[in-house]
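Inside the fold
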Amino acid sequence: MKVRYTYRLRPGARAVDRLVMDAGLARWVWNQAVAAAKAKQPWWTDKTLTAARKEHDWLAAGSVVVQQQVLRDFRASKHRKRFKSVRRTQPSLNYTLRGFSLRAHDTGRVRLILAGRVSVPVVWSRPLPSVPSSVRVYRDALGHWWASFVVDIDDDSNHHPETGKSVGIDWGVARPATATDRTFDLEHPNLGRKAAVKLAAAQRRMARRKPKPGVRASRGYQAAKRQAAKIHERLRNQRREISRAWAAKVVASHDVIAVEDFRPRFLASTTMARKAADGGLGILKRALIEQGQRAGRQVVLVPPAYTTMNCANCGTRAKTRLALSTRTYTCATCGNIDDRDHNAAVNVLLRAQTTLGAGLDPADVEAVRHEHPRVLAHAESGIPRL
Ligand SMILES: [Zn+2]
């Protein structure tokens, strides 16, 4: 199974210059490829690139491995291919085996050596489990550089022992996660409020100092922007940490993990607070799925339809949708009274068990997506981040 291991880089001034230059040229190659595709011209190939490098010395000054990788990424990209602007994109570079190596420096520390003889010190916050097959080097909004290595880890070595237990999870705004076993509920961490005030202030400052089109952004604007980015990043990190700790607990105690497959877009309509909550739920859901898969657990994604309307006790469907403010589910047929989210969590688990009981082949799930829960195959979730 392929996973990502990410480390902070501490490139010197010369390395930064080179990385920024290579990233600029990579962006140029990408934009040429987009332009050709948009103009219905033949797609850029390695040959087109070789010709362009012969024609332009400034292009040939950049690393050929990086530029060839851009074309491979371009061909492989399933998203709509857009132009990348200097202002809106941070430098990002992909290197395959040919373009990087890890080598011990005179000091004994292992450094990352990139195409173009760029040598970068790495903060080895934890060991790499095996030899990486590729690396993405990028700068974040705060100006920090990172290396994200793709490594293959042994599938079975990380598997947890069986527990004989299953759990259903329902996501919500008031309480991020409600579990069938209430000891695994995740209450709202409330870390947003103070940060939200600070963030709003920074955003107001940004709006006030926003440069007119064609005018250079003022220093005040840049400072406000950096501050907003910093608050964002801190919040994201806190959420990620809480999410990971909670997911680890759930994964350690259950063989089958049934998860409501909510689409964040359904919730993210009105307020900023809602949007922030959605972002948090996205991180939480991803953490649970990734850790579950890595531990060899059966992770089942259940479509959210009717999970809040059905009675988990007798299966009767309520005639009307529950208002969001109604926190209790009351069944008119069997008299079952339950916390609204807990009732939904039980429904999520019941549906997953029906599916697994029916012996549904995970590979077939696309065809029955709307009637049955989706069993997540290892391969389809892409490469989880560690
Ligand atoms: Zn009932």
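Above: the structure in question.
No experiment lies behind these values; they were computed from the predicted model shown.

The rules behind these values
- Per-chain numbering applies: the sequence of each chain, read as written, is numbered from 1 onward.
- Thresholds applied to this predicted model are a pLDDT of at least 70 for local features of residues and 80 or more for the giving and counting of side-chain atom pairs; totals over whole chains, interfaces and linings are not thresholded and use all residues.
- With hydrogens and water excluded, all non-hydrogen atoms of the structure serve as input to the side-chain values.
- In this analysis a 1.4 Å probe is tested at points of a 1 Å grid over the protein atoms alone, and where it fits but cannot get out there is a cavity; an open set with protein on both sides within 12 Å along at least five of seven lines is a pocket; lining residues have an atom within 4 Å of a point.
- Grid points are joined across faces, edges and corners, and a volume is the space filled by probe spheres set on the points.
- Note on conventions: DSSP H or I runs of at least 4 residues are helices, E runs of at least 2 residues are strands, and numbering of each starts at the N terminus.
- Residue polarity follows a fixed list, in which Ala, Val, Leu, Ile, Met, Phe, Trp, Tyr, Cys and Pro are nonpolar, Asp, Glu, Lys and Arg are charged, and the others, Gly among them, are polar.
- Where each domain starts and ends comes from a domain assignment, either automatic or drawn from a database.
- In this description, strands pair whenever DSSP reports at least two bridges between them.
- In this analysis, axes come from line fits to C-alpha atoms, helices being fitted only over the stretch in contact, and the angle between any two N-to-C directions falls in the range 0 to 180 degrees.
- Take the residue count of a helix, subtract one, and multiply by 1.5 Å to get its expected span.
- Only protein chains enter the accessibility calculation, which uses a 1.4 Å probe; a residue whose area is less than 20% of its type maximum is buried, one above 50% is exposed, and one in between is partly exposed.
- Any two residues whose heavy atoms approach within 4.5 Å at even a single point are treated as in contact.
- Pairing of N or O atoms within 3.5 Å defines a polar contact, subject to two protein rules: one partner must be a possible hydrogen donor and the other a possible acceptor, and residues neighboring in sequence count only if both atoms are side-chain atoms.
- By definition, no residue in a patch forms a salt bridge, and every one has over 30% relative accessible area; like charges are joined within 9 Å, nonpolar side chains (Val, Leu, Ile, Met, Phe, Trp, Tyr) within 5 Å.
- A 1.4 Å probe and the Shrake-Rupley method give the accessible areas. Residues count as covered only by the protein chains that appear here.
- Salt bridges are counted wherever a side-chain nitrogen of Lys or Arg sits within 4 Å of a carboxyl oxygen of Asp or Glu.
- His residues and chain termini do not enter the charge count, which takes Lys and Arg as positive and Asp and Glu as negative.
- Charge placement uses NZ in Lys and CZ in Arg. For Asp and Glu, CG and CD serve respectively.
- Keep in mind that water is not among the atoms, so a site may look incomplete; donors are the N, O and S atoms within 2.8 Å of the metal, or 3.2 Å for Na, K and Ca.
- Every geometry call rests on angle ranges, with four donors termed tetrahedral when all angles are between 85 and 135 degrees, four termed square planar and six termed octahedral when opposite donors are over 155 degrees apart and all others are between 65 and 115, and everything else termed irregular.
- These descriptions rest on fixed angle ranges, namely under 35 degrees for roughly parallel, over 145 for roughly antiparallel, 65 to 115 for roughly perpendicular, and the rest for oblique.
- In this scheme the handedness of a crossing depends on how the near helix is turned from the far one: anticlockwise by less than a right angle means left-handed, clockwise means right-handed.

1. Some thoughts on the layout of surface pockets
Roughly 1,300 Å³ of volume is contained in the largest pocket. Taken together, 35 residues make up the lining of the largest pocket; nearest its centre are Arg-87, Arg-88, Gln-90, Ala-141 and Lys-225. Among the secondary structure elements, those contributing two or more residues to the lining of the largest pocket are helix 1 (13-38), strand 6 (134-139), helix 5 (192-208) and helix 6 (219-253). Element by element, the count of residues in the lining of the largest pocket is highest for helix 6, at 9 residues. Across the lining of the largest pocket, the residue classes break down as 14 nonpolar, 8 polar and 13 charged. Per-domain counts for the lining of the largest pocket show at least three residues from each of domain 1 (2-152) and domain 2 (166-381). Volume-wise, the second largest pocket comes out at about 950 Å³. Contributing to the lining of the second largest pocket are 28 residues, with Trp-30, Asp-73, Ser-77, Lys-84 and Asn-94 lying nearest its centre. For the lining of the second largest pocket, the secondary-structure elements that each account for two or more residues are helix 1, helix 4 (64-76), strand 2 (92-96) and strand 6.

2. What about the sheet that holds strand 7 (residues 145-152)?
Taken in spatial order, the 7 strands line up as 2-6-7-1-5-4-3 in an open sheet, and their pairing is antiparallel. At either end of the open sheet lies a strand with only one pairing partner, and these are strand 2 and strand 3 (100-104). Averaged over all pairs of adjacent strands, the angle between their axes in this sheet comes to 35°, without regard to strand direction. Bridge count for strand 1 (residues 2-9) against strand 5 (residues 118-123) is 2 bridges, and the pairing is antiparallel.

3. Notes on helix 4
For helix 4, spanning 13 residues, the distance from its first C-alpha to its last is 18 Å, which sits close to the expected 18 Å at 1.5 Å a residue. For helix 4, every residue scored as buried is listed here: Val-65, Val-66, Gln-67, Gln-68, Gln-69, Val-70, Leu-71 and Phe-74. Where helix 4 is buried, its residues meet helix 1, helix 2 (46-55), helix 3 (57-60) and strand 2. Capping the start of helix 4, Ser-63 holds a side-chain oxygen 3.4 Å from the backbone nitrogen of Val-65, two or three residues further along.

4. Some words on a positive patch on the surface
Judged by side-chain charge, Lys-194, Lys-198, Arg-226, Lys-230 and Arg-234 come together as a positively charged surface patch. Contributing elements (two or more residues each) for the positive patch: helix 5 and helix 6. Here the element with the most residues in the positive patch is helix 6; it accounts for 3 residues. For Lys-230, the position within the fold is in helix 6. With a relative accessible area of 46%, Lys-230 lands in the partly exposed category.

5. Overview of the coordination of the zinc ion
Looking at the zinc ion, one finds its protein donor set to be Cys-311 (SG), Cys-314 (SG), Cys-331 (SG) and Cys-334 (SG), positioned 2.3 Å from the metal centre. Here the zinc ion binds 4 donor atoms, and the angle range of 108 to 112° at the metal identifies the geometry as tetrahedral. Site description for the zinc ion: donor spacing in sequence, C-x2-C-x16-C-x2-C. Residue Cys-331 is classed as buried on the basis of its relative accessible area of 5%. For Cys-334, a relative accessible area of 35% translates into the label partly exposed.

6. Points about the environment of Arg-175
Residue position: Arg-175 is located in the loop between strand 8 (166-171) and strand 9 (177-179). Sequence separation between Arg-175 and His-188 is 13 residues, and the spatial gap between their C-alpha atoms is 5.4 Å. In terms of polar contacts, Arg-175 uses its side chain to reach the side chain of Thr-178, at 2.9 Å.

7. Remarks on the packing of helix 1 against helix 4
Look at helix 1 against helix 4: their axes get within 9 Å of each other, and the N-to-C directions meet at 40°. In terms of orientation, helix 1 and helix 4 fall into the oblique class. Helix 4 is crossed by helix 1, and the crossing has right-handed handedness. Residue-level inspection shows Asp-22, Leu-25, Ala-26, Val-29, Trp-30, Ala-33, Val-34 and Ala-37 of helix 1 in contact with helix 4, the latter providing Val-66, Gln-67, Val-70, Leu-71, Asp-73 and Phe-74. Residue classes in the contact of helix 1 with helix 4 are distributed as 11 nonpolar, 1 polar and 2 charged.

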